[in-house]
Amino acid sequence: MDLQSFGQSMAHVDLGAGDVEIRPAPDEWVRKFIGARGLGVRYVLEAGPDVEALSPENLLCFVNGPLTGSETSMSGRWACVTKSPLTGTVTDSHQGGWAGARLRWAGLDGIIVSGRADSPVYLFVEDGKIELRDASEVWGKGIHETVAFFQKRYGKKNLSVNAIGPAGETLCRFAAWLNEDDRAFGRGGTAAVGGSKNLKAIVIRAGTQKSRDVDADAWKKVRRQALDRIRDEKNITSPKKGGLSVYGTNVLMNVTNSIGALGTRNSQLTSFGERAEAISGEYVEQNILVGDPTCHACPVACKKEVEIKQGPWKGLHMESVEYEPAWALGANCDNDDIASVAKMIDQCNDLGMDPIELGNALSMYMEASEKGWVEGNGLAWGDTLAMIAMTDAIARREGEGDLLAEGPARAAEQLGHPEIAMACKGQAVPAYDPRGLKGMGLGYATSNRGACHLRAYVAAAELGVIDVEVDPLEWQGKGELVKVFQDLHAFSDSLDLCKFSAFAEGADEYAAQYAVARGEPFTADDVMLAGERIYNLERYYNNLAGFGEGSDTLPARFTREASTQAGSKGHVSELDQMLGEYYSVRGWKDAVVPEDKLRQLEIP
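Reading guide: rules and limits
- Within any chain, residue numbers begin from 1 and follow the written order of that chain's sequence.
- Local features in a predicted model are, by the rule used here, given only for residues with pLDDT of at least 70; side-chain atom pairs are given and counted only at 80 or more, and totals for whole chains, interfaces and linings are based on all residues.
- Side-chain metrics rest on all non-hydrogen atoms present in the structure, leaving aside hydrogens and water.
- A run of H or I in DSSP counts as a helix once it spans at least four residues, and a run of E counts as a strand once it spans at least two, with each numbered from the N terminus.
- The size measure is the radius of gyration over C-alpha atoms, and the globule rule it meets is 2.2 Å times the number of residues to the 0.38 power.
- Between two residues, a contact is recorded if the distance between any of their heavy atoms is within 4.5 Å.
- Per-residue and other accessible areas were derived by the Shrake-Rupley procedure at a 1.4 Å probe size, with only the shown protein chains allowed to occlude residues.
- Positive: Lys, Arg. Negative: Asp, Glu. His and the chain ends are not part of the count.
- We put the charge of a Lys on NZ, of an Arg on CZ, of an Asp on CG and of a Glu on CD.
- Paired strands, in this sense, are two strands between which DSSP finds at least two bridges.
- The axes used here are C-alpha line fits, helices contributing only the stretch in contact, and every angle between their N-to-C directions lies in the interval 0 to 180 degrees.
- Any two rings among Phe, Tyr and Trp, with Trp reduced to its six-membered ring, count as a pair given centres within 6.5 Å; such a pair is stacked if its planes are under 30 degrees apart, edge-to-face if over 60, and tilted if neither.
- The classification of residues rests on relative accessible area computed with a 1.4 Å probe and restricted to protein chains. Under 20% of the type maximum is buried, over 50% is exposed, and intermediate values are partly exposed.
- A positively charged side chain is recorded as over a ring if its NZ (Lys) or CZ (Arg) lies within 6 Å of the ring centre. The angle to the ring normal must also be within 35 degrees.
- Domain ranges listed in this record stem from an automatic or a database domain assignment.
- Salt-bridge detection follows one rule: a side-chain nitrogen of Lys or Arg within 4 Å of a carboxyl oxygen of Asp or Glu.
- Helix crossings get a hand from a simple test, with the near helix turned counterclockwise from the far one by less than a right angle marking a left-handed crossing and a clockwise turn marking a right-handed one.
- Classification convention: Asp, Glu, Lys, Arg as charged; Ala, Val, Leu, Ile, Met, Phe, Trp, Tyr, Cys, Pro as nonpolar; all other residues, Gly among them, as polar.
- Polar contact criterion, stated in full: a pair of N or O atoms within 3.5 Å, where within protein one must be able to donate a hydrogen and the other to accept it, and residues adjacent in sequence count only if both atoms are side-chain atoms.
- Throughout, nonpolar core names a set of buried Ala, Val, Leu, Ile, Met, Phe, Trp, Tyr and Cys residues whose side chains join them through atoms within 4.5 Å.
- Pairs of cysteine sulfur atoms within 2.5 Å are what we label disulfides.
- For classification purposes, angles smaller than 35 degrees are called roughly parallel, those larger than 145 roughly antiparallel, those between 65 and 115 roughly perpendicular, and all remaining angles oblique.

Examining the overall build of the protein
Here is step 1 of the chain: Helix and strand counts for the protein stand at 24 helices and 17 strands.
Here is step 2 of the chain: Taking 2.2 N^0.38 as the reference for a compact globule, 604 residues should give roughly 25 Å; the C-alpha atoms of the protein span a radius of gyration of 22 Å, in line with that estimate.
Here is step 3 of the chain: Its C-alpha atoms give the protein principal-axis dimensions of about 60 × 55 × 50 Å.
Here is step 4 of the chain: The long-range fraction of contacts in the protein, counting pairs at least 24 apart against all pairs at least 6 apart in sequence, stands at 70%.
Here is step 5 of the chain: Of the accessible surface of the protein, which amounts to about 20,100 Å², a share of 46% is contributed by carbon and sulfur atoms.
Here is step 6 of the chain: Distance between charge centres in the protein, computed from 63 positive and 86 negative side chains, equals 3 Å.

Now the structure itself:
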């Protein structure tokens, strides 16, 4: 496939009617919204913001970016975009591995799914064609067994299997899709949308339609420039030398803990103290690491394959003990047992759940149990056996798990104590406490998909990961900083390049690669304008869906309860002040995009 032809092969699948049609995306949409995240949101807007997330009318969009599957470094990503059953906002989640690249090599740029099948089905993609096939044999099975089933049927070579597990089938609101490499469309409950449509899996057998260079010399030059930045030993991405490559994402555990920004015991504390070391990337590397698998076209290899060598889960071989899940199921739940953390992450990979949301659901329930707000025994802090049992119960909606499968925000509301859910717009917070990292707090509040570290990863600046000097405890200036990160990431998510590329690359590198791939001039200013347009399109959707003035909030714990730990002691999040600054640079009125801003950005 010629890179310049991106958007010409979008498969529209009506599960109810059993129809498949391949047609191009509108040229104007591709021009304005690029691909992946941006293009997916534009499709979802067509279904209407009032659609029920778990109804047949909601669209479930799997969309590549124009660079997915190319020789561009870190281009193994694709996006799943839909209306979230967890938040009610538009949401997009991105998955690594090889599935997105193989979709491109199989001749498609995206799959737009509507309707609901009468019985379980899967989609089979090969040679530019897509078919609906019976999935009754794998309905009810875990993702690992489902992957093995299809690998036996179609062979492992050049095959990707993207599947939902029991959590998606029971409509757990934070259910996730995973592929054969345990890479996830993790956040927002996208697999619950799949479950509501009786869609079990997307099976892709790659062909020979690999992307061709448009201008070989120019293409080689811009790719080399970007790769040189990634390989530069001063960057965290440097293969086998940078912290991200050596320790994976969990390189951040000890760093964040040391500055009082690691939420502990449902964010009642901001540090896990000396116990953080036992769940850190350094501990993993020294004790249980057995491999460094990677994704398509990625020299960094941040994924860490581990094997548990003793205890009740001895012999467990899994991937990967990432920073966010290790925090959510570790410090956040007062648990410093790395073996149990690995076990629960593996459960999430098989049952199909977001481990960040799971950890927050468990920690919320632990706090409620401690305070006597639940019936029965509840859940004690750090009780690993009970946590593992509850994880299975949540995925299958059994007993107390049925309540927690609604997500921590809804569950806390039903318990009569919404204040103990650490969530924004219904989605739980990740592993950066807003009292110790002020910009991240503003990013959570203004994220268009609910609390999220990836909409604006200002932690890269606040933690010194990139060469930008920013005081994590200073609130002033964070409004503009968050906007810049949000717009830049909206563009890279639409290319679709790994978020970690931004640790080494910036708007100049993104513009150069996109310009050559598309055969059109494109500048760094164009990158930021396109990113701003995409971010405002999402906000426009959310405004229409009922998220208006006053919807950009943080849990009161972060704005009213000062940190008591070293590094951030005495600090709260000055959210109101930061929002004023942010809305000014955004040109928004409170949380709403004004009409003149929409016209300026050519939205919709």
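Quick notes on the sheet that holds strand 1 (residues 10-14)
Here is step 1 of the chain: Taken in spatial order, the six strands line up as 2-1-6-3-4-5 in an open sheet, and their pairing is mixed. Each edge of the open sheet is held by one strand with a lone partner, namely strand 2 (19-23) and strand 5 (90-95). Geometrically, the sheet is characterised by an average inter-axis angle of 15° between neighbouring strands, direction not taken into account.
Here is step 2 of the chain: Inspection of the sheet shows strand 4 (residues 78-83) paired to strand 5 by six bridges, in the antiparallel sense. Note on strand 5: the bridge partner recorded for A79 is H94.
Here is step 3 of the chain: Strands strand 1, strand 3 (60-64), strand 4, strand 5 and strand 6 (110-114) of the sheet are contacted by helix 2 (residues 36-47), whose axis makes an angle of about 25° with strand 4.

A word on the packing of aromatic side chains
Here is step 1 of the chain: Inspection of the entire model under this criterion finds 19 aromatic pairs.
Here is step 2 of the chain: Here the aromatic rings of F491 and Y514 are separated by 5.8 Å at their centres, their planes lie at 90°, and the arrangement is edge-to-face. Residue F491 is located in helix 19 (residues 478-495), and its partner Y514 is located in helix 20 (residues 507-518); the two are separated by 23 residues in the primary sequence.
Here is step 3 of the chain: Both rings, one in F500 and one in F503, keep their centres 5.4 Å apart while their planes meet at 20°; by these two values the pair is stacked. For the pair F500 and F503, one class covers both residues: buried.
Here is step 4 of the chain: Taken together, the aromatic side chains of Y122, F124, F149, F150 and Y154 make up a single cluster linked through ring pairs.
Here is step 5 of the chain: Here the basic side chain of K200 rests over the ring of W139, its NZ or CZ set 6.0 Å away from the ring centre.

A few points about unusual backbone geometry
Here is step 1 of the chain: Residue S320 is bonded to the preceding E319 through a cis peptide linkage, with omega at 10°.
Here is step 2 of the chain: Here S320 shows up in the loop between strand 15 (317-319) and helix 11 (323-329).
Here is step 3 of the chain: Residue D496 is bonded to the preceding L495 through a cis peptide linkage, with omega at 5°.
Here is step 4 of the chain: One non-glycine residue, S267, lies in the positive phi region at around 65°.
Here is step 5 of the chain: Inspection of the secondary structure assignment puts S267 in the loop between helix 9 (252-258) and helix 10 (281-287).

What to know about the environment of A504
Here is step 1 of the chain: Here A504 shows up in the loop between helix 19 and helix 20.
Here is step 2 of the chain: Here A504 falls in the buried class, since its relative accessible area comes to 3%.
Here is step 3 of the chain: For A504 and S93, which are 411 residues apart along the polypeptide, the C-alpha to C-alpha distance reads 22 Å.

Notes on the domain arrangement of the protein
Here is step 1 of the chain: Here the domain parsing of the protein yields domain 1 (10-205), domain 2 (248-425) and domain 3 (438-553 + 574-600).
Here is step 2 of the chain: Taking the mean C-alpha position of each, domain 1 and domain 3 sit 25 Å from one another.
Here is step 3 of the chain: Listed by partner, the interface residues are 37 residues for domain 1 and 31 residues for domain 3.
Here is step 4 of the chain: The tally of links from domain 1 across to domain 3 stands at three salt bridges.
Here is step 5 of the chain: Put simply, R37 and D493 hold a salt bridge, and the shortest N to O gap is 2.9 Å.

Digging into the packing of helix 13 (residues 355-370) against helix 14 (residues 384-396)
Here is step 1 of the chain: For the pair helix 13 and helix 14, the least separation of the axes is 11 Å and the interaxial angle reads 115°. Seen from above, helix 13 lies across helix 14 with right-handed handedness. For the pair helix 13 and helix 14, the contacting residues are L358, L362, Y365 and M366 in the first and M387, M390, T391 and I394 in the second.
Here is step 2 of the chain: Residues that form the contact of helix 13 with helix 14 fall into these classes: seven nonpolar, one polar and no charged.

Concerning the side chain of K200
Here is step 1 of the chain: Relative to the assigned elements, K200 resides in strand 12 (residues 199-205).
Here is step 2 of the chain: A polar contact of 2.9 Å, which involves the side chain of K200, links it to the backbone oxygen of K141.

Examining the nonpolar core
Here is step 1 of the chain: Of all hydrophobic cores here, the largest spans 182 residues; its most connected members are F62, I111, V321, I394 and Y432.
Here is step 2 of the chain: If sequence neighbours within four positions are ignored, I111 has contacts with A11, V13, L60, C61, F62, L103, L123, V125, I130 and I202.
Here is step 3 of the chain: V138, I143, A163 and V203 belong to the second largest nonpolar core, which has 15 residues in total.

Here's the deal with the pattern of salt bridges
Here is step 1 of the chain: Under the defined criterion, the tally for this structure stands at 47 salt bridges.
Here is step 2 of the chain: For R275, the salt bridge goes to D334, with nearest N and O atoms at 2.7 Å. Within this pair, whereas R275 is found in the loop between helix 9 and helix 10, its partner D334 is found in the loop between helix 11 and helix 12 (338-351), the two being separated by 59 residues in sequence.
Here is step 3 of the chain: Under the relative-accessibility criterion, R275 is labelled partly exposed at 33%.

Some details on the state of the cysteines
Here is step 1 of the chain: Under the criterion given, the structure shown has zero disulfides.
Here is step 2 of the chain: A disulfide-free cysteine, C61 has its sulfur positioned 7.9 Å from the sulfur of C80, the nearest such atom.

Considerations on the sheet that holds strand 14 (residues 305-307)
Here is step 1 of the chain: Sheet architecture is open: three strands sit in the order 13-14-15, paired in antiparallel fashion. What marks the edges here is a single partner per strand, and that holds for strand 13 (289-291) and strand 15. For this sheet, the mean angle separating the axes of adjacent strands, direction not counted, is 40°.
Here is step 2 of the chain: In this sheet, strand 15 lies alongside strand 14 in antiparallel orientation, the contact comprising three bridges. Pairing of V306 across the sheet is with M318, part of strand 15.

Some remarks on the packing of helix 19 against helix 23 (residues 575-586)
Here is step 1 of the chain: Their axes nearest at 7 Å, the elements helix 19 and helix 23 cross at an angle of 50°. The angle between helix 19 and helix 23 places the two elements in the oblique class. Considering only the axes of helix 19 and helix 23, their crossing is right-handed. For the pair helix 19 and helix 23, contact is made by K478, G479, E480, V482, K483, Q486 and D487 and by M578, E581, Y582, V585 and R586, respectively.
Here is step 2 of the chain: For the contact of helix 19 with helix 23, a count of residues per class yields four nonpolar, two polar and six charged.

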